[in-house]
Structure formats: C-alpha cells, structure tokens
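Residue-level structure breakdown
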Amino acid sequence: MTIDIGGRLRHIRMAHNLSQRELAKRSGVTNSTISLIESNATNPSVGALKRILDGIPIGMAEFFAFEPDRPKKAFYQADELVEIGKGGISFRQVGDDMFGRSLQILKECYQPGADTGKVPLVHEGEEGGIVLSGRLEVSVGDERKILGPGDAYYFESHRPHRFRCVGPKPCEVISACTPPTF
C-alpha cells in the first residue's frame, strides 16, 4: 500500500489555514521543499517530516492515522472550480482537495505563447485531454504535435512532456490525470 504523503501534508496544511511559505517559516525548511513534498516529487526523511509537522503542529502518529472524509459533492458550478495555475496558464480544478482522490480533472487555459516551462514535466500516472479552442503544441518524449479544436492527447506521464499555446488566440483544454499531480 502506498501512502500519499504529499497529498496528506497538503490537506492537513490547508486545514490549518497555513500557506506553504508560512509552514516553511515555522518548520525551518524551504517552501520549495514543502512544494516538492506536496507534489510527491520528493519523499522527506523522517527527520524533515517531523520538523514540518512540528510547524503545524501535529504528531507523526496523528499524521499517518488521519483519514479525511471522502468528498460527497458530485456537481460543481463554474465559479466553484479552484484556480491552481499561475502566470499565463490557468488550471481550474474540479474539487478543492485532491487528497484521497485518484483522478484530477482540469479546465486549462493557455494564453498565447504560454507554456509549462523549458524543463519537461515527468511524474507517475497517465494523463489525457481534449483541445476545445486555440492551438496547443504537445511534446511527449521525442514526439511533437500541434493540436487544434477536437484533437486530443493521452500518454503515460513518466514520459517527459511539455505544453505550449501556439497562435494568436488562447487555448482551452479539458484534461484529466491519474493520480492527481498538482
């Protein structure tokens, strides 16, 4: 059985109304370390996790014993989607907390020229999406394709990948990934 330490930490931090920056200050670790842990890009040592949890404060036993209530909400209005993007990319997430969930659904909007960065993304799982409007360049490994309205992508996320809006208009995409990565 795999424990989602990152999702668990994010859920508990948010339940205590703490930003990543505030928790970093309280615990004496960098906020980039907390971000990497919460995105499951790195696993903390036992000592680092204890320092972070002391900043909340919550004990290790309570942290690992905690099981949130499963979300019961089935429907979301457009204004209830949670913005988790920044800069020229909007990622509007269905549901406010991904802890305990195995699927993440996003409504994405890339402004002209916006991209996910020069360093390709790599993580566990699978992801797919359908372009609603605009043109999106999708790079997966050595493959690159420009997709337009109605075109779609689906791949294993351990393959290095990158997204970029091409053309003069914003690009909108509906995507899903499993497990949640943001």
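Cut-off values and rules
- Residues numbered from 1 in each chain as written.
- Predicted model: local features only at pLDDT ≥ 70, side-chain atom pairs only at ≥ 80, totals over all residues.
- Heavy atoms only, no water.
- Phe/Tyr/Trp six-rings, centres within 6.5 Å; stacked < 30°, edge-to-face > 60°.
- Helix = DSSP H or I, 4+ residues; strand = E, 2+ residues; numbered from the N terminus.
- Buried < 20%, exposed > 50% of the residue type's maximum accessible area, 1.4 Å probe, protein only.
- Lys NZ or Arg CZ within 6 Å of the ring centre and 35° of its normal.
- Salt bridge = Lys/Arg side-chain N within 4 Å of Asp/Glu carboxyl O.
- Axes fitted to C-alpha atoms, helices over the stretch in contact; angles between N-to-C directions.
- Left-handed = near helix turned anticlockwise from the far one by under 90°.
- Contact = heavy atoms within 4.5 Å.
- Nonpolar A, V, L, I, M, F, W, Y, C, P; charged D, E, K, R; others polar.
- Lys, Arg positive; Asp, Glu negative; His and termini not counted.
- Polar contact = N/O pair within 3.5 Å; in protein donor to acceptor, adjacent residues only side chain to side chain.
- Arc of directions from axis to C-beta.

1. Structural notes on the packing of aromatic side chains
With the rule as written, the count across this model stands at 5 aromatic pairs. Ring centres of Tyr153 and Phe163 lie 5.3 Å apart, and the angle between their planes is 50°; on these two criteria the pair is classed as tilted. Separated by 10 residues along the polypeptide, Tyr153 in strand S7 (residues 152–156) and Phe163 in strand S8 (residues 161–166) bring together distant segments of the chain. Given a relative accessible area of 10%, Tyr153 falls into the buried group. An aromatic cluster is present here, built from Tyr153, Phe155 and Phe163 joined pairwise through their rings. Residue placement shows Arg8 over the ring face of Phe63; its charged tip is 6.0 Å from the ring centre.

2. Focus: the pattern of salt bridges
For the coordinates displayed, the defined rule picks out 8 salt bridges. Taking the shortest distance from any N to any O, the salt bridge between Arg26 and Glu22 comes out at 3.2 Å. Of this pair, Arg26 and Glu22 both sit in helix H2 (residues 20–27), separated by 4 residues, roughly a single helical turn. Across the salt bridge formed by Lys50 and Asp54, the nearest N and O atoms sit 3.1 Å from each other. Taken together, the positions of Lys50 and Asp54, both in helix H4 (residues 46–54) and 4 residues apart, correspond to about one turn of that helix. On the accessibility criterion, Lys50 (41% relative accessible area) is partly exposed. Salt bridges linked by common partners bring Glu137, Arg144 and Arg164 together as one network.

3. Notes on the packing of H2 against helix H3 (residues 31–38)
Relative orientation and spacing of two packed helices are given, respectively, by the angle between their axes and the distance between those axes. Between H2 and H3, the shortest axis-to-axis distance is 8 Å and the interhelical angle comes to 115°. For the element pair H2 and H3, the recorded crossing hand is right-handed. Judged by residue contacts, Gln20, Arg21, Leu23, Ala24 and Ser27 of H2 engage Asn31, Ile34, Ser35 and Glu38 from H3. Split into classes, the residues belonging to the contact of H2 with H3 amount to 3 nonpolar, 4 polar and 2 charged.

4. Observations concerning the side chain of Glu108
Structurally, the position occupied by Glu108 is in strand S3 (residues 104–110). Summary of buried charges: Glu108 has no salt-bridge partner, and the nearest side chain of opposite charge, Lys107, is 12 Å away. Within polar-contact distance, the side chain of Glu108 engages the side chain of Tyr110 at 2.6 Å. Here the side chain of Glu108 touches Ser175 through a polar contact of 2.5 Å, side chain to side chain. Every residue in contact with Glu108, bar those within four places of it in the chain, is listed here: Ser90, Phe91, Tyr153, Cys171, Glu172, Val173 and Ser175.

5. Structural notes on H4
Of the positions making up H4, those classed as buried are Ala48, Leu49, Ile52 and Leu53. One side of H4 carries all its buried residues, which in axial view fall inside an arc of 130°. Where H4 is buried, its residues contact helix H1 (5–15), H2, H3 and helix H5 (60–65).

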